[in-house]
2 protein chains.
Amino acid sequence: MSDSQDEYVTRTGEKQSIFPRRDPVVHTRNQARWDGPLGEEALSSYERDGFLWFEGFFSEERVEPFFDELRNMANDSELMNSKRVIKDPEADEIRSVFAMHEISERFSELTRDPRILGMIRQLLGSDAYIHQSRINDKFGFQGSGFNWHSDFETWHSEDGMPRMRAISASLMLTDNNEFNGPLMLIPGSHHYFVPAVQKTPDQNWKDSLKAQRVGVPEQEHLAWLARRGGIQAPKGRPGSLLLFECNTLHASNQNMSPWPRSNLFFVYNSVDNVLTDPYCGNKPRPDFLAARENIEPLAMND
Amino acid sequence: MSDSQDEYVTRTGEKQSIFPRRDPVVHTRNQARWDGPLGEEALSSYERDGFLWFEGFFSEERVEPFFDELRNMANDSELMNSKRVIKDPEADEIRSVFAMHEISERFSELTRDPRILGMIRQLLGSDAYIHQSRINDKFGFQGSGFNWHSDFETWHSEDGMPRMRAISASLMLTDNNEFNGPLMLIPGSHHYFVPAVQKTPDQNWKDSLKAQRVGVPEQEHLAWLARRGGIQAPKGRPGSLLLFECNTLHASNQNMSPWPRSNLFFVYNSVDNVLTDPYCGNKPRPDFLAARENIEPLAMND
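Residues numbered from 1 in each chain as written. Chains lettered and ligands numbered in written order. Predicted model: local features only at pLDDT ≥ 70, side-chain atom pairs only at ≥ 80, totals over all residues. Heavy atoms only, no water.

> What's the story with the overall build of chain A in this structure? I'm lost.
A tally of regular secondary structure across chain A gives nine helices and 12 strands. The globule rule puts the C-alpha radius of gyration for 302 residues at 19 Å, and the 18 Å found for chain A is close to it. Split into buried and exposed, the 302 residues of chain A put 59% on the buried side. Intrachain contacts of chain A at a sequence separation of at least 6 include 86% that bridge at least 24 residues. When the 33 basic and 45 acidic side-chain charges of chain A are each reduced to a single mean position, those positions are 4 Å apart. (Helix = DSSP H or I, 4+ residues; strand = E, 2+ residues; numbered from the N terminus. Rg over C-alpha atoms; globule rule 2.2 N^0.38 Å. Buried < 20%, exposed > 50% of the residue type's maximum accessible area, 1.4 Å probe, protein only. Contact = heavy atoms within 4.5 Å. Lys, Arg positive; Asp, Glu negative; His and termini not counted. Charge placed at Lys NZ, Arg CZ, Asp CG, Glu CD.)

In structure tokens:
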């Protein structure tokens, strides 16, 4: 168990109330907040909703090569048999490949793209490093969904991430539409910490990457938050970018269409928020799920 | 096995090709087609897509009492223990109650509503009776989805419905939105018969009402039809009405929202298309799933 004070107690085996978050949403304070690159409209919207959607942030030409890399990886049998590749529970296909920024120079450069990294530094109020990265793939008709959860709840409990000071970036490689299982978010849910009930089983990550069971909020809490904030599922063409706060509740439904849904996913954590021992008391998860080694501040790729 | 010629062979245990339907979509011919109540725009749209959506067909006041009936039924332990009540596989809640038009006078009157029955007679080119009726309920967060299928494929194989000359009506009791598992349809799919592979197990209906496994089309056929026609999920407020042709492929995803989704569902079959012995060779399903007794032509409720 971590030595540091646990500000977000969860998974105690008992039902607990939800409570307001104890961290700011935008961490840059006062005058520095207005140094950009995001203007006050975007900052306020991020503070209110817990995410920002950039339709067509990159051109389709820019993202196509990542799709090729995914296809090549599927033919790399050594990689495919490694633990960092997660197969779909319903189909024998790639669901996720982790630590992509260590495998792919193109991916690594993307995480250091000045346009993205600039926004991240402003929102986190500090330098950042990559806590986790992956490529997600949902095949037509087969990609199964993912239950509602806050990433922070897992990262805090299982990885020892102390505070809410991390941001997920998701870059769409395919169209995200109503029928191929797009990411759904509950706007405003990041303002509350929603403790889960069930204790974390040892090596929970071996199951949880396929289907979230532990760390799922109580239905009454979900209902309260969704009735309050609604549900949104950003949709758009390849190259669109979603930034969402680490505590924003999100989920996805099954892909019931013939259209695959693929995206890149990379998590920025503040260098002032590095991992301690997991608060759940278990052993840390592997480095490809929660970086402890390579945590140097990212430099802009010029 | 039925004596009549089987125009739509399915579930032979072997893979078969899809083929164009051998029945008209609108059965009223020539001059009689223009006697109404539907105009040529609606008729052509129904012929092209296989369904018609009427946003706010009834007022919310008109549909509210049905919602109360559903709540009362949940407290009727005798009814709840009968075979005509199907529970959700994930949750111990009502999923469907069958033969509603025999239980509820209000429901029976609805099936004879002149506005609906007029359209049905025009589309079927004959008088009609109720082949099946039910109320469907998807609780918040719990209602599971239903895989792609054509109702006609099942009714032909398991009920001995000879030809494509039936229409399903679905009346929304709640909002149908993007997140509570609305019905999805593949426009134009009704133009093809998509044979299923797997043979029909004996008493298949005991499983199939909870989750469709037999009678699900091959993915390559689904993909071809969905790429051709797209996917649509009509959404709207309580009182909205959907009419869809018996062979239109449809499905629904899981309800991942706190908002329940309930609708009434009733199937009109032409009096010139009454059931024979099931083409799959099994015993007929119970009368509450496929009417053989009460097949008098419906009279308008004036």
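> Looking at this structure, I do not really get the pattern of salt bridges. What am I missing?
Between side chains of opposite charge, a pair can form as their charged atoms come close. All names here are of chain B. Scanning the entire structure with this criterion turns up 40 salt bridges over all chains. A salt bridge links Glu218 to Lys15; the shortest N-O distance between them is 3.9 Å. Linking Glu218 in the loop between helix H8 (205-208) and helix H9 (219-229) with Lys15 in the segment before strand S1 (19-20), this pair joins segments that are 203 residues apart in sequence. Since its relative accessible area comes to 22%, Glu218 is described here as partly exposed. Judged by its relative accessible area of 54%, Lys15 is exposed. (Salt bridge = Lys/Arg side-chain N within 4 Å of Asp/Glu carboxyl O.)

> Please clarify how helix H1 (residues 40-49) of chain B should be interpreted in this entry.
All names here are of chain B. Along H1, the positions that sit buried rather than exposed are Leu43, Ser45, Tyr46 and Asp49. Take H1 and look down its axis: the buried residues cluster within an arc of 165 degrees, on one side only. The inward-facing, buried residues of H1 abut strand S2 (51-54), helix H6 (114-124), strand S7 (166-172) and strand S10 (241-245). One or two positions beyond H1, positive phi appears at Gly50, with a value near 90 degrees. (Arc of directions from axis to C-beta.)

> What should I look at first to understand the nonpolar core in this one?
The nonpolar side chains of soluble globular proteins are, as a tendency, buried together. Grouped together as the largest cluster of nonpolar side chains are 41 residues, with contacts concentrated most on Ile116(A), Ile120(A), Leu241(A), Leu264(A), Phe266(A) and Tyr268(A). For this core, the element with the highest residue contribution is helix H6 (residues 114-124) of chain A, accounting for six residues. (Core = buried A, V, L, I, M, F, W, Y, C linked by side-chain atoms within 4.5 Å.)

Taken by themselves, the reported measurements are silent on function.
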